[in-house]
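Observations on chain architecture
Each chain, written out:
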Amino acid sequence: MAEKNNSRLSLRRKERAVEKNEEGTVENSGENGEKVEVNGKDQAVSDGDEAKTNGASNSNAQDKPEPMELPPFETITGDRMDPFSFKFQFKNVEYCSGRNKTVLCYLVDLGTGVDSLLRGFVEDEHSGVHAELAFFNLILPQCEGKDKCVVTWYVSSSPCATCCARLAELLRERSSLRLTIFSARLLDCDEPDTQAGLRALAAAGAKLRMMKPLDFSYSWDTFVEHEDDKFTPWEDCLENYEYHREKLAEILQ
């Protein structure tokens with residue numbers, strides 16, 4: 001029994017000696033490198049490992065995509081627009097995916113005089129002001145003091161409910177103002193607020209029409225930098241016009 005006890009005691013002493021040697025190794029390595037926590041325990045990191053860790057951190061920072069900045073908010077005006085923009089924005093499809101702005105082409109007849117006819121387009125590019133209201137802020141002031149102001153619009157989509165309400169208010173305030181709107185397609189035409197807005201706008205005196213193939217051709221010749229290229233209607237242009245025309249008549253009845 002004495003021999004067995006001596007053997008066990010000797011084994012325990014050896015185990016303690018090994019543990020002390022390991023602790024000393026860890027402490028010595030801590031002098032050359034920093035300690036990091038791994039699985040809840042502090043472990044030393046050598047200079048080489050630290051460099052690798054910093055390199056991985058910098059790589060992750062560089063790979064992180066930078067936030068995309070939108071162009072400055074602005075309202076674009078001009079005399080003639082790009083032909084591709086016209087064909088895309090004015091295409092009278094029922095579901096206008098990707099067409100998230102309004103392009104408004106205008107003619108303003110001021111009666112007599114050298115500058116009695118105004119022509120151009122307004123586009124609300126990332127702007128907080130819709131093209132319809134931008135027109136009245138930028139173009140209509142030129143009509144001040146005129147006995148006659150006949151305005152014709154060719155727009156890529158019909159006015160929203162908010163614009164309808166404001167346009168109706170302006171028509172009631174200005175007895176000399178006449179407004180006709182030709183729309184390529186109807187915007188949110190199934191929404192009750194939009195339908196009520198269109199009816200209120202018509203009741204205030206605005207003439208609401210849908211653009212037929214001949215109107216697209218006229219707008220192309222008048223408002224687009226076509227370089228003598230003829231406008232070719234897309235395949236379902238007439239069919240889509242008939243759909244929108246019937247839908248508008250249904251709303252206004």
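The sections below set out a description of the structure shown in this document.

What counts as what
- Residues numbered from 1 in each chain as written.
- Predicted model: local features only at pLDDT ≥ 70, side-chain atom pairs only at ≥ 80, totals over all residues.
- Heavy atoms only, no water.
- Pairing = 2+ DSSP bridges.
- Helix = DSSP H or I, 4+ residues; strand = E, 2+ residues; numbered from the N terminus.
- Axes fitted to C-alpha atoms, helices over the stretch in contact; angles between N-to-C directions.
- Contact = heavy atoms within 4.5 Å.
- Expected span 1.5 Å × (residues − 1).
- Parallel < 35°, antiparallel > 145°, perpendicular 65-115°, else oblique.
- Left-handed = near helix turned anticlockwise from the far one by under 90°.

All right, on to the sheet that holds strand 6 (residues 149–155) then. If you trace the six strands from one edge of the open sheet to the other, you get 3-5-4-6-7-8, paired in mixed fashion. Each of the sheet's edge strands pairs with one partner strand only, and the pair in question is strand 3 (76–78) and strand 8 (207–210). Put simply, the sheet's adjacent strands are angled 20 degrees from each other on average, direction ignored. In the packing of helix 4 (residues 131–138) onto the sheet, contacts are made with strand 3, strand 4 (103–109), strand 5 (117–123), strand 6 and strand 7 (177–183), and the angle to strand 4 comes to roughly 35 degrees.

A rise of 1.5 Å per residue sets the reference length of helix 8 (residues 237–252), with its 16 residues, at 22 Å; its end C-alpha atoms lie 23 Å apart and thus fit the reference within 8%. Contact partners of the buried residues in helix 8: helix 6 (192–203), strand 8 and helix 7 (213–223).

Relative orientation of the contacting elements helix 5 (residues 161–173) and helix 6 amounts to 15 degrees, with a least axis distance of 8 Å. Relative to helix 6, helix 5 is oriented roughly parallel. As for the relative orientation of helix 5 and helix 6, their crossing is left-handed in sense. Across from A161, C164, L167, A168 and L171 in helix 5, the residues of helix 6 making contact are D193, T194, G197, L198, A200 and L201.

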